[in-house]
Amino acid sequence: MPELVRLTIDGKAVEAEKGTLLIEAARQAGIEIPSFCYYEGLTLQAACRMCLVEVEKTPKLQVGCTLPVAEGMVVRTDSAVVKEARKGTREFLLTNHPLDCPVCDKGGECELQDMVFRYGAAESRFTERKLHVDEKQWSPVVYFDAPRCILCYRCVRICNEGMGVGALGVSDRGVISEIIPNHYDHLECDECGACIDICPVGALTSGIYRYQTRPWEMNHVGTICTHCADGCRTTLGVRNEKIIRGNNRDRSGINGEFLCIKGRYAFDFAGHPDRLQSPMIRQTGGFEPVSWSKALEVIAGRFQNVKARGGKFGIIGSNHTTNEENFFLAKLARQGLGTQNVDHHRTGDLATFFDALSGRKEALATTGDLYTAKAVLVVGSDLAQQHPLLSYQVRANFRHHNAHIYTVTIGPVREDHQSAGAVRVERGGEVAGAWSLREKLKAETSLVIVFGDAIQGDGLRKLVAFGDSLGIPVKYVCLVDYSNSRGAFDMGVIPRNGGMSREQMLAAADLDVLWVIGANPLKNAALASEDAFVVVQDLFMTETARRADVLLPAASAYEKSGTVTNVCGEVQKLKAAIKVMGAKTDLEIFGLIAKEMGLNLGIWLPDRVFEEIRKSVHGYNVPLPVVATGGAAPTAPLNGHVAMLPGAIQSACDTLFTSGSLSRYSNILNSVMEAPGAVYAGEKRAGGQ
Amino acid sequence: MLYNEPSPLETRVVSKRFGLPNSASLDTFLATGGFEAFHKAREMKPEQIIEEVKVSALRGRGGAGFPTGLKWSFVPRNSPKPKYIIVNADESEPGTCKDRLLMEYDPHQLIEGILIAALAVDSHAGYIYIRGEYRYLIELMDRAIAEAYAKGYLGQNIAGTGWDFDLYTHSGAGAYECGEETALLDSIEGKRGIPRMKPPFPAVAGAWGCPTLLNNVETFSAVPAIIRDGGKAFADLGTPKNGGTRLVCISGHVNKPGVYELPLGYPMMKAINEVAGGIPHGRKLKAVVPGGSSCPLLRAEECDIAMDYDTLAKAGSMLGSGGMVVMDETTDMVRVALRIMRFYAHESCGWCIPCREGTAWLRKILSRMVEGNGRREDVALLGELSKNMLGRTFCALGDAAAMPTMSIVEKFAEDFEKYLVPEAVLV
């Protein structure tokens, strides 16, 4: 039972846990103590002096953001002295702050504006010349306007502590103090934009969003980022059917305010001019745009034909499509087309994973577990590049709870900085590397093991055996890439019961139909069957699309509803933010093809399909209210043994600035000058998207 | 070369070797009673050493005047972490020039004081943080330290007593704020010189998170005399609770500016008129900065006062760092205010809003006034803005900027008149 402390704030009796900061205790009691530099989760500063309050029996005003509550404390946050102090501090702050509101992006969301409106001092007695320095651009993403900066140092702290990058610092002193980037005139960093979002004023603004709109003109849609498997909530700001910005300032979602550059800014692929907007049929000489009904007629006709004569289908599903789409596709393939040849680009050995952990409770870690576990072991992955949210959780766990972090990798990774044991191995030596940490790990009280694609098949079973040998509670995360690889596996887009794997389909010279949905297998591989009828559903004219006989324009994740399952098995709901002309969602396309073929596979509305999923897919009987209200529901598909699957497991080896085909069409990802992620990105192998 | 002619009115304790030939050499030091105190302290228990310092009523000579014995008692001697002695030689308070003399003319006395402190708190390593502008002094201090090492008075088994201690100098880089003890600690650790939140206090968690004893050069330099002759003897030189003597740096409109060692409680007018030879050209006294520019200034009428910590505090000012600046009737107090504010605006570390913006704003107002564009409301504004800084800043620099300004506005309002532009006449 935590010890409670009783105190009085503004005459109100308040109870708070011992050790709570006064500013937090007040907030819990519904009393706001204004502050700029205080930020939950970052180190305390007491720099801005906005939170000064009166505490009985102390002569000087006390700093609310660093003072822990004490029994019997009597606090006044609304007395004349406090009001005067706040007004004075605000007046000081506004002396050099330029009156840029009309041209400043932050207008309408600015904490300084809010404070002035709430607490006064809009009129200043300052009649001297303000300090001025010109605005600077530090990178394609980050712009900095020094006069607007109030030197709260949130950006410095979030970059250093939160992100573990430390690309921002302070130069000079006194009133000419200025935030500077790590390369003096430009930034080389993750370009995540955390500094921009955390800035209370408009000193840091984003190159993508600048001057485009006012916040109240946008409609904000909270959906799940479509780039990596971490499943961050990104709240997209939409105006006139165009996505203008993304952030997660409302802290909804498993990621709180964390987002990487992909989640924050790389939505721009959706509006790329090369988006396919019409179904097309191959003729001699090129593609001819046709109507949807014509295209579907051709597809359905051919599918029925091949099915009737017992021909060979090959279906390659997507790592990005929703659970509903994957479920329906699996049904369409098996029941509708009578084929088991269904697969997707498998980036983690989930089959062995679920088999090895079969029947256990509490063996799967959620993203939250990475923040609360006493120890974390990272094997074979550069989390900061490939799973930035997981990296953030691990780092925050270290910072806030002094968790022990261990790494076993082929090269230096960011987690090495916080590591209680960093082991360097050659590829293939990961399990042995884990064993070398055994003594330290045995002494932990709980552990989460996170591992990449180097751990697969037999190696995965050995890793689980290692975990078991420690004699402590261990949870696991089998890393996969792309936004819904888990969903693709869980919904059955896998070659069960002797079906052909992706490689086998491409190599089969007698393949009659190759149906590719949201994937690009022909980027690095050839299709053996020259006579195969190729149907492709995608957003862009990829290498695979170029080979299509019928090409259908599909909608991206930001244009549809449905659910996706993240790398830790948490199911979250997508919400459509925009519509793109001509494109249809993959679910609708599947439904229309089924209808055209005269098949009855059920209603293809996302909500109805999800109901079916909850009833019939193992581990997906999640509470509907959790998912429906935007929460993350952990799935637990760990009962019953899973048959092994043919085909290779290969990570996408993405970095912060790549995400398969999608990133090729993101202007911002192609504008940044950094080229990080050498440790595992260099491992990109054939078969990737 | 001597610093200034000594005055027969001085009571020379810490400055007793000033003026001796080769006063800085270890031989001179040992020949004049040096290291006796250390040997004596080596036979004492740490609690006894601290008690002796408490009895002496020695208070911090850097400016804040905190009772030294009490500060020493805060260091957890039994902590498993290493304990550090840090000497604040960042002498930057305007008007102050005493620590430089102690380091130049009697460095071994300082070292002895450090070693006695080390015995009191079980420390085996210390750093002297010397302001970067004192480049020549760092060399002198290094030479003295090297001499001590060479002859066995630093390092292992000091003077055969079995005590180990290593001493280093560390250079500052031109920031007044690094004289603030926690900013000094950050600076020594290689970070920006920004002060830290207190608690934790340096005595408990200071340099590199370890218990740290941090005092001014003059404070450490007084310790050997206290141990050798007893705390009571030292205390009796001064007034109750304000023991001993201190180096007073008298500058400004006086015939004999210089550094003089006077007992605590010495009458200020006697110091000005007799020790410093009075004001030249027979002019009248107008104002005095009693102990460094961070103190409220005194009007001439207020200067008939005993110079110790408590008396000056009761009079609404401070004994401070001992940097006394005497100003005669020709002094333009507005220009004094501007000169002071330019210093604080330049030295503000920039961490907190009231000091960073306040000092800059005050400087701008004062500049504008001196240039001839002052308005009547500016005078009151100066006072109000200073009040908005007082007690609201992260460290004492904000107070140090506010207090002299407020005192000038309150006590010398008439000096502002000639800078005020006559109100525009509406025709």
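Before any of the text, the structure's been laid out above.
(A) Examining the overall build of chain B more closely. Tallying secondary structure elements over chain B gives 16 helices and 11 strands in all. Taken along its principal axes, the extent of the C-alpha atoms in chain B is 90 × 45 × 35 Å. Taking all contacts inside chain B whose residues are at least 6 apart in sequence as the whole, residues at least 24 apart take part in 71%. Here chain B displays about 16000 Å² of accessible surface, and carbon together with sulfur accounts for 55% of that area. Across chain B, the centroid of the 47 positively charged side chains sits 2 Å from that of the 52 negatively charged ones.

(B) Inspection of a nonpolar patch on the surface at higher detail. Residue and element names in this part refer to chain B. A cluster of nonpolar side chains, namely Phe66, Leu70 and Phe74, defines an oily patch on the protein surface of about 260 Å² accessible area. Tracing the sequence through the fold places Phe74 in the loop between α4 (68-73) and β1 (83-89). For Phe74, a relative accessible area of 43% corresponds to the partly exposed category.

(C) Structural detail: the packing of aromatic side chains. Residues and elements named next belong to chain B. Overall, the coordinates contain 29 aromatic pairs over all chains when judged by the stated rule. Residues Tyr127 and Tyr168 carry aromatic rings whose centres are separated by 5.1 Å and whose planes lie at 25° to one another, so their mutual orientation is stacked. Taken together, the residues Tyr127 in strand β2 (residues 123-130) and Tyr168 in strand β3 (residues 166-171) connect sequence positions 41 residues apart. Under the relative-accessibility criterion, Tyr168 is labelled partly exposed at 38%.

(D) Structural detail: the packing of helix α4 (residues 154-162) of chain A against helix α12 (residues 388-401) of chain A. Residue and element names in this part refer to chain A. Viewed as axis vectors pointing N to C, α4 and α12 meet at an angle of 100°, and their least axial separation amounts to 10 Å. Between α4 and α12, the angle falls in the class roughly perpendicular. Residues Ile158, Glu161 and Gly162 of α4 form the contact with α12, whose participating residues are Tyr392, Arg395 and Arg399. Of the residues in the contact of α4 with α12, the class split is 2 nonpolar, 1 polar and 3 charged.

(E) Inspection of helix α2 (residues 36-43) of chain B at higher detail. Residues and elements named next belong to chain B. For α2, the set of buried residues is Ala37, Phe38 and Ala41. Taken down its axis, α2 places every buried residue within 100° of arc, on the same side. Buried residues belonging to α2 abut α3 (46-55), α6 (107-121) and α9 (217-229).

(F) A look at the sheet that holds strand β26 (residues 562-565) of chain A. All names here are of chain A. If you walk across this open sheet you meet the 3 strands as β26-β27-β28, and the pairing is antiparallel. The sheet is open, and its two edges are formed by β26 and β28 (633-634), each paired on a single side. Across 2 bridges, the pairing between strand β27 (residues 570-574) and β28 is antiparallel. Note that in β28 the partner of Glu570 across the bridge is Pro634. Running at roughly 90° to β26, helix α8 (residues 323-336) makes contact with β26 and β27 of the sheet.

(G) Molecular detail of the interface of chain A and chain B. Taken together, the 37 residues of chain A in the interface contact 32 residues of chain B. Taking both sides of the interface into account, the surface hidden between chain A and chain B amounts to around 2900 Å²; carbon and sulfur atoms contribute 53%. The largest per-residue losses of area from chain A upon contact with chain B belong to Phe92, Arg125 and Arg173 of chain A, which jointly make up 27% of the total buried on that side. One can count 4 salt bridges joining chain A with chain B. The partner of Glu84 of chain A in a salt bridge is Lys387 of chain B, with the nearest N and O atoms 3.8 Å apart. Summed over the shared surface of chain A and chain B, the number is 18 residue pairs in polar contact (both at pLDDT 80 or more). Of all elements in the fold, only α2 (80-96) and β8 (168-171) of chain A reach the threshold of two or more residues within the side of chain A that touches chain B. Of all the elements, α2 of chain A adds the most residues to the side of chain A that touches chain B, at 9 residues. A breakdown of the residues in the side of chain A that touches chain B according to their chemical character gives 16 nonpolar, 11 polar and 10 charged.

(H) Structural detail: the side chain of Asn326 of chain A. Residues and elements named next belong to chain A. Structurally, the position occupied by Asn326 is in helix α8. The class for Asn326 is buried, based on a relative accessible area of 1%. With sequence-adjacent residues up to four places away left out, Asn326 is seen in contact with Ser318, Thr321, Asn484, Gly487, Ala488, Met491 and Val493.

Rules of the game
- Residues numbered from 1 in each chain as written.
- Chains lettered and ligands numbered in written order.
- Predicted model: local features only at pLDDT ≥ 70, side-chain atom pairs only at ≥ 80, totals over all residues.
- Heavy atoms only, no water.
- Helix = DSSP H or I, 4+ residues; strand = E, 2+ residues; numbered from the N terminus.
- Contact = heavy atoms within 4.5 Å.
- Areas by Shrake-Rupley, 256 points an atom, 1.4 Å probe, with all protein chains shown as cover.
- Lys, Arg positive; Asp, Glu negative; His and termini not counted.
- Charge placed at Lys NZ, Arg CZ, Asp CG, Glu CD.
- Patch = residues over 30% accessible without salt bridge, like charges linked within 9 Å, V, L, I, M, F, W, Y side chains within 5 Å.
- Salt bridge = Lys/Arg side-chain N within 4 Å of Asp/Glu carboxyl O.
- Buried < 20%, exposed > 50% of the residue type's maximum accessible area, 1.4 Å probe, protein only.
- Phe/Tyr/Trp six-rings, centres within 6.5 Å; stacked < 30°, edge-to-face > 60°.
- Axes fitted to C-alpha atoms, helices over the stretch in contact; angles between N-to-C directions.
- Parallel < 35°, antiparallel > 145°, perpendicular 65-115°, else oblique.
- Nonpolar A, V, L, I, M, F, W, Y, C, P; charged D, E, K, R; others polar.
- Arc of directions from axis to C-beta.
- Pairing = 2+ DSSP bridges.
- Buried area = accessible area lost by both parts, 1.4 Å probe.
- Polar contact = N/O pair within 3.5 Å; in protein donor to acceptor, adjacent residues only side chain to side chain.

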